[in-house]
Amino acid sequence: MHTAATLFNWLIALLWIWRSAVALRNLPKLPNLLNEKETSAGNPGLAVIVPARNEEQAIGQMLHSLLAQEGVFIEILAVNDRSTDKTGEIMDRIAAEGREQGKSISVIHIRELPAGWMGKTHAMALAARQAAAPWLLFTDGDILFREDCLRRAISYAEKEADHLVLFPTLILKTAGERMMLSAFQALSFLSTRPWKTSDPKSRDSLGIGAFNLIRSEVYSSIGGFEGHRMEVLEDIKLGHQVKRHGFRQHVVLGRDLIQVHWAAGTLGIVRNLTKNIFAVFRFQPMLLLAACIAIAAFCLTPFYCLFGSWMMLSASILALGSMLEIYRYCERHINGIPTAYFLLLPVAACVIVYMLLRSMIVTMAQRGIVWRDTFYPLSELRKHAGPLR
């Protein structure tokens, strides 16, 4: 029994060493928009599509950040998706102010959701049909844009990509948020390969709801959001479709170019992900349970075995050293969260496992998900849940 536990701990340690080494070698290859030379070519034009439902606390500041963009012509299409608060009124007021300043901004009010659609995909598809610019940017109603963000992004995309994904900088207000989001980012870089998205020979793809910039002709050629009307993870699906059809996809960094306060505290993160984390596993319980076991083993074993024999201790030290380097890289280049938060990874892992199980149990118990005050049946979600990779 002791021998088996020692071997298992060494297996975990070797996995940590391998995956962290691969990530640390390749993450620096991701382009940084802050370091890219901007071209002086003509402005191609960009339509920014902002779907929002009940975002009265954030939508005003978000739209003002878009109106403040410098060096790029943008058309803003703000979509009020059946809001029951003051989101629509705020959109109308800011649109009027923007038009007085000579800006191109309009508001689309949606009163009813057609059958067979998720609310967000319908809002974005409707706005995309009205856009005339050669580029489309799909974003969220709580994102804050630095004034040079879109100028830098469009300059890079014109040269390099058909679909550009920019990692957001997270606004973190509590220790719980730092603990959870540092764990998410560290584990994501160990389990995914964003640096491979630009490789046409790889199957790796990515989409982020905060910033999906895509050529209009590419969006149309892959079928737009009409092709996956009931997709919970519409941002990831868009990235998958771009890559599957052979178009150029790039993932880039740019500290503070876009910022978002994604959720309030640890419980806020759990609530936010309850509705959609089961969808990552395409609503298959066995896949989710396997992920829970893997996360628990990967994140808890090195800490637990610190109190074992010297062979176990040696493996744990190697695993923790690899863990430390991933957190250190993320602090310096991605999120600014102190490296010491790696010591809380076991706590974060337990919360992640709880969150996964909660998402599955709640979804199966109510036989669907409630998203933005709308119920979507699990049978329909499963029927439309295609591959993401």
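All of these numbers come straight from a predicted model, not from anything done at the bench. (Residues numbered from 1 in each chain as written. Predicted model: local features only at pLDDT ≥ 70, side-chain atom pairs only at ≥ 80, totals over all residues. Heavy atoms only, no water.)

Caption draft 1: How the structure looks around helix α13 (residues 345–365). Look at α13: 30 Å from first C-alpha to last across 21 residues, which is about the 30 Å you get at 1.5 Å a residue. Phi for arginine 367, located one or two positions after α13, is positive at around 55°. (Helix = DSSP H or I, 4+ residues; strand = E, 2+ residues; numbered from the N terminus. Expected span 1.5 Å × (residues − 1).)

Caption draft 2: Summary view of empty space enclosed by the protein. Tallied over the entire structure, the rule returns two cavities of 30 Å³ or more. Roughly 60 Å³ of internal volume is contained in the largest cavity. Forming the boundary of the largest cavity are Phe167, Pro168, Thr169, Leu253, Gly254, Arg255, His333 and Ile334. Of the voids in this model, the second largest cavity is the one considered here, and its volume is about 30 Å³. Lining of the second largest cavity is provided by Lys120, Met124, Phe138, Thr139, Asp140, Gly209, Asn212, Phe225, Glu234 and Asp235. Breaking the lining of the second largest cavity down by element, the ones donating at least two residues are α4 (119–130) and α8 (234–244). Its residues placed into classes, the lining of the second largest cavity shows three nonpolar, three polar and four charged. (1 Å grid on protein atoms, 1.4 Å probe; cavity = no way out; pocket = protein on both sides within 12 Å on 5 of 7 lines; lining within 4 Å. Points joined across faces, edges and corners; volume = space filled by probe spheres on them. Nonpolar A, V, L, I, M, F, W, Y, C, P; charged D, E, K, R; others polar.)

Caption draft 3: Representation of the sheet that holds strand β5 (residues 144–145) within the structure. Within the open sheet, the three strands sit side by side as β5-β10-β7. Their pairing is mixed. A strand with exactly one partner marks an edge of an open sheet, and here the two such strands are β5 and β7 (169–170). Alignment of β7 against strand β10 (residues 258–260), held across two bridges, turns out to be parallel. Its bridge partner being in β10, threonine 169 is matched across the sheet by glutamine 259. (Pairing = 2+ DSSP bridges.)

Caption draft 4: Geometry of the environment of phenylalanine 283. Within the secondary structure, phenylalanine 283 is located in the loop between α10 (277–280) and α11 (285–304). Considered as a pair, phenylalanine 283 and methionine 312 are 29 residues apart in the sequence and their alpha carbons are 37 Å apart. Setting aside its immediate chain neighbours within four residues, phenylalanine 283 contacts Val232, Phe278, Thr363, Leu378, Leu381, Arg382 and Ala385. (Contact = heavy atoms within 4.5 Å.)

Caption draft 5: Examining the sheet that holds strand β8 (residues 212–215) more closely. Sheet architecture is open: seven strands sit in the order β3-β2-β1-β4-β8-β6-β9, paired in mixed fashion. This sheet does not close on itself; its edge strands, each paired only once, are β3 (104–110) and β9 (249–252). Strand-to-strand, the axes of this sheet are offset by a mean angle of 20°, without reference to chain direction. By the bridge criterion, seven bridges tie strand β1 (residues 46–52) to strand β2 (residues 74–81) in an arrangement that is parallel. For valine 50, the partnering residue across the bridge sits in β2 and is alanine 78. α4 contacts β1, β2, β3 and β4 (135–138) of the sheet and is inclined by roughly 145° relative to β2. Against the sheet, α8 engages β4, β6 (163–166), β8 and β9, with an angle of about 35° to β8. (Axes fitted to C-alpha atoms, helices over the stretch in contact; angles between N-to-C directions.)

Caption draft 6: Up close: a nonpolar patch on the surface. On the surface, Phe8, Leu11, Leu15 and Trp18 cluster together to form a nonpolar patch covering roughly 380 Å² of accessible area. Following the sequence through the fold, tryptophan 18 ends up in helix α1 (residues 2–26). The exposure class assigned to tryptophan 18 is partly exposed, which follows from its relative accessible area of 48%. (Patch = residues over 30% accessible without salt bridge, like charges linked within 9 Å, V, L, I, M, F, W, Y side chains within 5 Å. Areas by Shrake-Rupley, 256 points an atom, 1.4 Å probe, with all protein chains shown as cover. Salt bridge = Lys/Arg side-chain N within 4 Å of Asp/Glu carboxyl O. Buried < 20%, exposed > 50% of the residue type's maximum accessible area, 1.4 Å probe, protein only.)

Caption draft 7: Geometry of the packing of α1 against helix α6 (residues 175–191). It is the contact of α1 with α6, at a shortest axis distance of 8 Å, that shows an interaxial angle of 90°. One finds that α1 runs roughly perpendicular with respect to α6. On the side of α1, the interface is formed by Trp16, Arg19, Ser20 and Ala23, while α6 contributes Leu187, Phe189, Leu190 and Ser191. (Parallel < 35°, antiparallel > 145°, perpendicular 65-115°, else oblique.)

Caption draft 8: Highlighting the packing of aromatic side chains. Taken as a whole and judged by the stated rule, the model has eight aromatic pairs. Taking the centre distance of 5.5 Å and the plane angle of 80° together, the rings of phenylalanine 278 and phenylalanine 283 count as edge-to-face. Pair check on accessibility: phenylalanine 278 and phenylalanine 283 agree, each one buried. Connected via pairs of aromatic rings, a cluster forms that spans Phe138, Tyr219 and Phe225. (Phe/Tyr/Trp six-rings, centres within 6.5 Å; stacked < 30°, edge-to-face > 60°.)

Caption draft 9: Inspection of helix α9 (residues 265–274) at higher detail. Residues Gly265, Gly268, Ile269, Val270, Leu273 and Thr274 constitute the buried set of α9. Close packing links the buried residues of α9 with α6, α10 and α13.

Caption draft 10: The side chain of threonine 121, seen in detail. Positionally, threonine 121 belongs in helix α4. A relative accessible area of 0% means that threonine 121 is categorised as buried. From its side chain, threonine 121 meets the backbone oxygen of methionine 118 in a polar contact 3.0 Å long. Non-local contacts of threonine 121, meaning those with residues more than four positions away in its chain, are made with Phe225, His228, Arg229, Glu231 and Glu234. (Polar contact = N/O pair within 3.5 Å; in protein donor to acceptor, adjacent residues only side chain to side chain.)

Caption draft 11: Representation of the packing of helix α2 (residues 59–67) against helix α3 (residues 87–100) in the model. Packing of α2 against α3 leaves a shortest axis separation of 9 Å and a crossing angle of 25°. Considering the angle they form, α2 stands roughly parallel to α3. In terms of crossing hand, the pair formed by α2 and α3 is right-handed. Where α2 abuts α3, its residues Ile59, Gly60, Leu63, His64 and Leu67 lie against Thr87, Ile90, Met91, Ile94, Glu97 and Gly98. (Left-handed = near helix turned anticlockwise from the far one by under 90°.)

Caption draft 12: Expanded view of the side chain of threonine 374. Following the sequence through the fold, threonine 374 ends up in strand β12 (residues 374–377). Setting aside residues no more than four positions away along its own chain, threonine 374 makes contact with Arg82, Leu113 and Ile369.

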